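Residues per chain are reported as follows:
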Amino acid sequence: MSEHPSRDYRETVFLPETAFPMRAGLPKAEPEMLKKWEESDLYHSVRKARQAKNAPLFVLHDGPPYANGNIHIGHALNKILKDFVVRSKFLMGYDVDYVPGWDCHGLPIEWKIEEQFSARGRRKDEVPAAEFRKACREYAAEWIGVQREEFKRLGVLGEWDERYATMDFDTEAKVTAEFHKFLMSGQLYRGSKPVMWSPVERTALADAEVEYHPHVSPTIWVKFPVLNGPVPGDVVIWTTTPWTIPANRAVSFNPKVAYSSFKVEAIEENLEFEPWVSVGDCLIVADKLVEDVFKAAKVARWSKVASVDPTGWTLQHPLFDVGGPGGYDFDVPMLAGDHVTDDAGTGFVHTAPGHGADDYLVWLKHGYSLDSIPDTVDPDGAYYPHVPLFAGLKVLETEGKKAGKFGDANKVVMEKLIEAGNLLARGRVDHSYPHSWRSKAPVIFRNTPQWFIRMDGETNLRATALKAISETAFYPDQGRNRIGSMVETRPDWLISRQRNWGTPLAMYVDKKTGEPLKDEAVNDRIIKLIASEGADAWFTRPDEDFLGNGYNPADYEKVTDILDVWFDSGSTHAFTLEGRDNTHSPADLYLEGSDQHRGWFQSSLLESCGTRGRAPYKAVLTHGFVLDEQGEKMSKSKGNVVAPQDIAKESGVEILRLWVALSDYSDDLRIGKQIIQTTVDAYRKLRNSLRYLLGALNGYTDAEAVDYQDMPSLERYILHHVHELDAKVRAAYDAYDFAGVIRPVADFASQTLSSLYFDIRKDSLYCDKPSDVKRRACRTVLNILFERLTAWLSPIMAFTTEEAWSYRYPDAPENLYRTLPAVPAEWHNAAEAARWGKIEEVLSVVTAALEEKRRDKVIGSALEAAPTVFIDSEPLLAAFDGIDAAEVFRTSQAVLSASVGPDDAFRLNEVKDVSVVVHIAHGNKCQRSWRILPEVGSDPRYPDLSLRDAAAVAEWDAARGG
C-alpha cells in the first residue's frame, strides 16, 4: 500500500468538539458568573423552587465574624465550608436558610474610634456618648460592606441583603430582651469577686476572652513570722506575683501535706551577694519541697526541728514592720484548702482573696465576708491611694511605649520585703500567663463588682447545658468532650464590661436593697426605645423615660456597663432563627473554628439553655486553623501570610474552594505556593475530564440512548462505579466530609475514566459508525457521567460546574437548581465489577510489557503491537469472554493463550499466572484509525481503511450525498 492515503479522512473522524476552553481564566470568568447569579437572584430563586415542592428545610446559622478589617484566609476557609453545606443541601433536595451576620460591638472598634478622636485632639471622655457610638456604628457599617463583597467573591450564597448585625437597632433591642429574661428569672446577680481584668482595656474579661502565652515573671519566697505556733520560725510562701503581697490576708495549707520546721545550719560559701537567711533561722515548709526552697535561699545544710500541723496558727504580715501604724498591722490566719499541693513552691499558698479565684473561694469558705476583701488595684492597674507604701504605683502600664508591660509594683514590693527582713529569695520563672485575646496584653486578677449569670443554683444552667451537649451531634465527635469539659468546670458567666460600645445591661438597681428592679412594664419601655433609637437611647435619654411615673429615679442606680460581646453573639439565634419566615429553631448546624468551643458555641449554648432550656443547634461542626506550608502560624512580620484576595486575583477562587475540599479541615490546614500549585494541577485534571465529556457528547440527543440491558460489559462496569460512588458522595456530604467527596470523585475521573474508560473507548467513539450500538452505549454513559460529575462537584467547584453546565445547556436553569436523582438499582453489578477487576489485573501486565518495549524503542505506540498474553488461570481467562482484548489493551491485535508463557516472557511479580510476549502487529495501517490489520485494503472503495472504518466512512459519505 502507498504510505500516502488517497484521501484525508480527518473530517470523517468523530473527534471531541467543544467551545469549553481548556484554560479556565478563572480570575476573569468568576466575577462575570457572580454578576449573573446576582442578577438572577439565584439563591432566592432556588429557595422558592424548593419551597414550591415542599422541600425539607435545613438551617445553617452563621457565626458572626467581627466587622473590622479585610477578610483573611481563616475567614475564607470558614465561609467556603459554609457554602459547601448550603450548596450540598440544595443538591440533596433541601430548602436552605443561611443568613450571614456580623459581630459589631466590642473593644477593637472602640479602640479605633478612640484613636480617631485622639488624632483630632479629643479624649474619649470629652466625646458625648451618642457621638462616640455613632462613629463606632459607622466604622462597623463600612467594614460590613467591605467584608460582604469579599465573602460574595468567594461564591458564597446566602441572604446577603437581609444580613444580621449585632449593632442594628432591632437587634440591640432583642439582645436586651434576652438579657431581661435572665434578670427576671433570677439567674442574674451582682458579685464582688476577683475576675480577669485588662488594665489596658479597662474592663473585665471572660474566660473566652483570655489566651495564654509564654511569660517571664519574677518569683519570690517570702517569710511570714509565726505568732502562735508550737515552734519558732517563719512560714514560707512562694509566688510569681509580688505585687499581690499588699493584698495578702491569709496563708493556705493542705492538712494532707506533711510540714516541718527546719533549722538553717550553714550558708553556701563564695556567694556574690549577701543572702537573706541566717544560720539559726527556722523555716517552715512542706517536707517534699525543703530541698528546693533551701537551694533557692542558698542554704548549704539544715536540720529538721519538728513536724508541725499549721491548723489554727496565726501569722504576721511580712510588711508589718515597714507599714507603720494602720498599715499591715493585722493578723494573717492559716486556712485549710484543697487547692494547695506540694508539687511546687513551698507547700503554702499566699492568699490574696481580691486577686485569685482559689484565694477568694477559700477566704469565703472560712466564713469571712465579701466586705473584708480589700480593693488594692484600680481599673488602670495602679494601687489605690489608700494602699500603704504603694499608693499610685503601677502594677501594669497602660499608656505610652510601655503599655502592656508590668510596672514598678513588683520591684518596690520586693524592696519593702527586703527592708522588713522577710524576703527569703527571689528569681525568675518562664511560665504560661493569661493575656487578653484582643489587646494581647497581660491581664491581672482584680476584685471588682460585676454582674454574673449563675451556672448552678436553682435553675442549674450547668446541668441543662451538659444535657444539651449530650443531645447534640458533633463533627468531629471529640468536640463534644472539649466543650463538655469546659462547661463542666467553668465559673459563673461574667457578662458585664466597663466600656462604651455595646449593648447595655439595661436595668436599674434599688439603691437601698442593692437588688435589680424587676418590672416587665419598665423592661417593655426600655426595649421599645432601644428598638426605635438603638442602644444609644440608654445613654442619652433621661431615666424618667424608662422608669415611668411609678418610680423615683433618685431611688435607683442606672447600670451603665455593657454586655459581654459573647452575650451579644450568643443571642443571635433569638433574632435570626426566631420571628422570621421560612426558617426554624434550633438550627440544624453551627459551623466555626475549634476555638469557638470556648467562644460562640458555648455562649450560644448557655444563652439558649438559660432562656429556652435547650441548645440553639442540633449539630456543631468545627474546623482547624490555617498555617503556612511549614506548619507555622501566619504573620506579616514573617512574610508568610496567604491572602484569599491574592489567590482570587492570581488563580481564581475555584482553586481556593478546591483546596478547602481537599484538606482535612478537622485539623489545622496548610497553604502556600506549592500547595496552591498542587491544587491547580488537581483542578486542571477535573476540568479536562469535564471538557472531554463535553467534546465527546457533541451533538448527543436522547435518541441515541441505549438501555442498560443492551449495554456492553464495560459500560455496565462504569455504571457500577457510578452507583458505588454516588452512595459515597451522598454519605460524605451528609457527614460534611468534603474531602470524602472530592478525593474519590477526582480518583474516579483520573483513573477509572481518563486512564481506563476514555482510553479504551476512544477508538469506538472516534471511529465507529454513529449508529453502532457500542458507540451509542458509550455516549449514553458519557451523558450520565457528565450529569453526575457536574452534580457531585457542584457544591465544591461551583464556578466550573456551572460553566460546564451552561456550555451544554445554555438555555436551561442554572446547575444549582438540580437535585441529585437516585441511581437505578440495576447499575449495581457485582459480577461486572469482579470481571473487570480480573481484566484490569491482566491489563496491568500488558501495559507494563508495552511500556518496556517503548523504552527499548521496539515500538513507538501501543497500536504497533500485537501482544500474546499467556493466562494460566481459568477465572482470569474467562473474564475476557466476549471482550475485544486488543481494544482493552489499546493495541491493534492481541492473542490470549490459555497456557504458561515462555521463560523470557514479561511478568509482574504481583500478578500471578499472566505473562506477555510483545510482537509487532502485522498487516497495513488504517489511515483513519491507525490500527494495523491484515484486512486493511479489503474494501476496494477504501483501499487504505480497515473494514470497520470503511463501513463508517461509507455511512458518512452516504449521509452527505457522497
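Refer to the preceding data block for the structure.
Presented here is a report on the structure given in the accompanying data block. Given the structure is predicted, the values throughout are model-derived calculations rather than measurements. (Residues numbered from 1 in each chain as written. Predicted model: local features only at pLDDT ≥ 70, side-chain atom pairs only at ≥ 80, totals over all residues. Heavy atoms only, no water.)

## Observations concerning the packing of helix α6 (residues 169-185) against helix α13 (residues 520-533)
Put simply, the test is: In this analysis an axis means a line fitted to C-alpha atoms, helices contributing only their contacting stretch, and an angle means the value between N-to-C directions, from 0 to 180 degrees. In this text, helices come from DSSP runs of H or I with a minimum length of four residues, and strands from runs of E with a minimum of two, each type numbered from the N-terminal end. Convention used here: angles under 35 degrees read as roughly parallel, angles over 145 as roughly antiparallel, angles from 65 to 115 as roughly perpendicular, and any remaining angle as oblique. What makes a crossing left-handed is the near helix being turned counterclockwise from the far one by less than a right angle; a clockwise turn instead makes it right-handed. The contact criterion used throughout is that any non-hydrogen atoms of two residues lie within 4.5 Å. In this classification, the charged set is Asp, Glu, Lys and Arg, the nonpolar set is Ala, Val, Leu, Ile, Met, Phe, Trp, Tyr, Cys and Pro, and all remaining amino acids, among them Gly, are polar.
The contact between α6 and α13 brings their axes to 7 Å, and the two run at 160 degrees. In terms of orientation, α6 and α13 fall into the roughly antiparallel class. Considering only the axes of α6 and α13, their crossing is right-handed. When α6 is examined against α13, the residues Phe169, Asp170, Glu172, Ala173, Thr176, Ala177, His180, Leu183 and Met184 are found in contact with a partner set consisting of Glu520, Asn523, Ile526, Ile527, Ile530, Ala531, Ser532 and Glu533. Of the residues assigned to the contact of α6 with α13, the class counts are nine nonpolar, four polar and four charged.

## Brief notes about empty space enclosed by the protein
To be explicit about the condition: Cavity: a set of points on a 1 Å grid over the protein atoms alone where a 1.4 Å probe fits but cannot get out. Pocket: an open set with protein on both sides within 12 Å along at least five of seven lines, its lining residues, like those of a cavity, having an atom within 4 Å of a point. Grid points are joined across faces, edges and corners, and a volume is the space filled by probe spheres set on the points.
With the rule as written, the count across this model stands at five cavities of 30 Å³ or more. Its volume calculated, the largest cavity comes out at about 100 Å³. Forming the boundary of the largest cavity are 12 residues, of which Gly106, Leu107, Glu209, Arg497 and Val565 lie nearest the centre. When residues in the lining of the largest cavity are grouped by element, the largest group, three residues, is from strand β6 (residues 203-205). Here the residues of the lining of the largest cavity are counted per class, giving five nonpolar, two polar and five charged.

## Considerations on the pattern of salt bridges
What counts is decided by this rule: Salt bridge, as used here, is a side-chain nitrogen of Lys or Arg placed within 4 Å of a carboxyl oxygen of Asp or Glu.
This structure, assessed with the given rule, holds 61 salt bridges. Across the salt bridge formed by glutamate 172 and arginine 133, the nearest N and O atoms sit 3.8 Å from each other. Linking glutamate 172 in helix α6 with arginine 133 in helix α5 (residues 129-153), this pair joins segments that are 39 residues apart in sequence. Linked through salt bridges whose partners overlap, the residues forming this network are Asp763, Asp768, Arg928, Arg931, Arg948 and Asp949.

## Looking at the sheet that holds β6
For clarity, the cut-off: Should DSSP find at least two bridges between two strands, the strands are regarded as paired.
Taken together, four strands build an open sheet; the order of strands is β6-β5-β17-β19 and the sheet is antiparallel. Whereas interior strands pair on both sides, the edge strands pair on one side only; in this sheet they are β6 and β19 (493-494). Across 10 bridges, strand β5 (residues 188-198) lies against strand β17 (residues 444-453) in antiparallel orientation. Paired with proline 194 across the two strands is asparagine 447, which belongs to β17.

## Thoughts on the packing of helix α22 (residues 713-734) against helix α23 (residues 739-767)
Viewed as axis vectors pointing N to C, α22 and α23 meet at an angle of 170 degrees, and their least axial separation amounts to 10 Å. The angle between the axes of α22 and α23 places the two elements in the roughly antiparallel class. Across the interface between the two elements, Leu714, Glu715, Tyr717, Ile718, His721, Val722, Leu725, Val729, Ala732 and Tyr733 of α22 pack against Gly740, Val741, Pro744, Val745, Phe748, Thr752, Leu753, Leu756, Tyr757, Ile760 and Arg761 of α23. Among the residues forming the contact of α22 with α23, the class breakdown is 16 nonpolar, three polar and two charged.

## Focus on a negative patch on the surface
Using the following cut-off: Surface patches are drawn from residues lacking salt bridges whose relative accessible area is over 30%; two like charges belong together within 9 Å, two nonpolar side chains (Val, Leu, Ile, Met, Phe, Trp, Tyr) within 5 Å. Throughout, the Shrake-Rupley method with a 1.4 Å probe supplies accessible areas, and for residues the shown protein chains are the sole cover considered. Counted as positive: Lys and Arg. Counted as negative: Asp and Glu. His and the chain ends are not counted at all. Charge coordinates come from a single atom per side chain, which is NZ of Lys, CZ of Arg, CG of Asp or CD of Glu. Throughout, exposure labels follow a simple rule: accessible area from a 1.4 Å probe, protein chains only, divided by the maximum for the residue type, with under 20% read as buried, over 50% as exposed, and the rest as partly exposed.
A surface patch of negative charge is lined by Asp664, Asp667, Asp668 and Asp737. Among the structural elements, aspartate 667 can be located in the loop between α20 (653-662) and β27 (669-670). On the accessibility criterion, aspartate 667 (48% relative accessible area) is partly exposed.

## As for the sheet that holds strand β1 (residues 57-61)
Pairing in this open sheet of five strands is parallel, and the strands run β2-β1-β24-β25-β18 from one edge to the other. The open sheet is flanked by β2 (95-99) and β18 (473-475), the only strands paired with a single partner. The average angle at which neighbouring strand axes cross in this sheet is 20 degrees, direction not considered. Both β18 and strand β25 (residues 619-623) contribute to a ladder of three bridges, which runs parallel. Bridging from a neighbouring strand, tyrosine 475 pairs with leucine 621 of β25. Strand contacts of helix α3 (residues 73-91): β1, β2, β24 (589-593) and β25, with the helix running at about 155 degrees to β24, the strand carrying the most contacts.

## Brief notes about the packing of aromatic side chains
What counts here: Pairing of aromatic side chains here covers Phe, Tyr and the six-membered ring of Trp, requires ring centres within 6.5 Å, and sorts the geometry by plane angle: under 30 degrees stacked, over 60 edge-to-face, intermediate tilted. In this scheme, the term charge over a ring applies when either NZ of a lysine or CZ of an arginine sits within 6 Å of the ring centre and within 35 degrees of the ring normal.
Taken as a whole, this structure holds 37 aromatic pairs when the rule is applied. Both rings, one in tryptophan 805 and one in tyrosine 809, keep their centres 4.6 Å apart while their planes meet at 55 degrees; by these two values the pair is tilted. For tyrosine 809, a relative accessible area of 24% corresponds to the partly exposed category. Grouping aromatic residues by their ring pairs yields a cluster made of Phe84, Tyr665, Tyr733 and Phe738. When the ring centre of phenylalanine 14 is taken as origin, the NZ or CZ atom of arginine 775, which lies over that ring, is 4.7 Å away.

## Some thoughts on the layout of surface pockets
What the second largest pocket holds in volume is close to 950 Å³. Taken together, 30 residues make up the lining of the second largest pocket; nearest its centre are Thr239, Thr240, Thr241, Val349 and Asp359. Those elements that place two or more of their residues in the lining of the second largest pocket are β8 (234-239), β15 (349-351), α9 (357-365), β16 (423-436) and β17. By residue number, the principal contributor to the lining of the second largest pocket is β16, which donates four residues.

## Concerning the nonpolar core
For clarity, the cut-off: In this description, a nonpolar core means a group of buried Ala, Val, Leu, Ile, Met, Phe, Trp, Tyr and Cys residues linked to one another through side-chain atoms lying within 4.5 Å.
Counting 153 residues, the largest nonpolar core has Ile671, Tyr757, Leu782 and Leu785 as its most contacted members. If one sorts the elements of this core by residue count, α23 sits on top with 13 residues. Counting residues in each nonpolar core, the second largest holds 46 residues, with Phe224, Val332, Ala409 and Phe452 among its members.

## A few points about the environment of glycine 324
Assignment of secondary structure puts glycine 324 in the loop between α8 (320-323) and β14 (331-336). Its relative accessible area of 32% is what places glycine 324 among the partly exposed residues.

## Looking at unusual backbone geometry
For the peptide bond that leads from tyrosine 475 to proline 476, omega is -5 degrees, which places it in the cis range. Position of proline 476 relative to the elements: it lies in the loop between β18 and α12 (478-489). With phi around 55 degrees, tyrosine 736 is a residue other than glycine that occupies positive phi space. Along the chain, tyrosine 736 falls in the loop between α22 and α23. Of note, the phi angle at tryptophan 930 is positive, near 70 degrees, even though the residue is not glycine.

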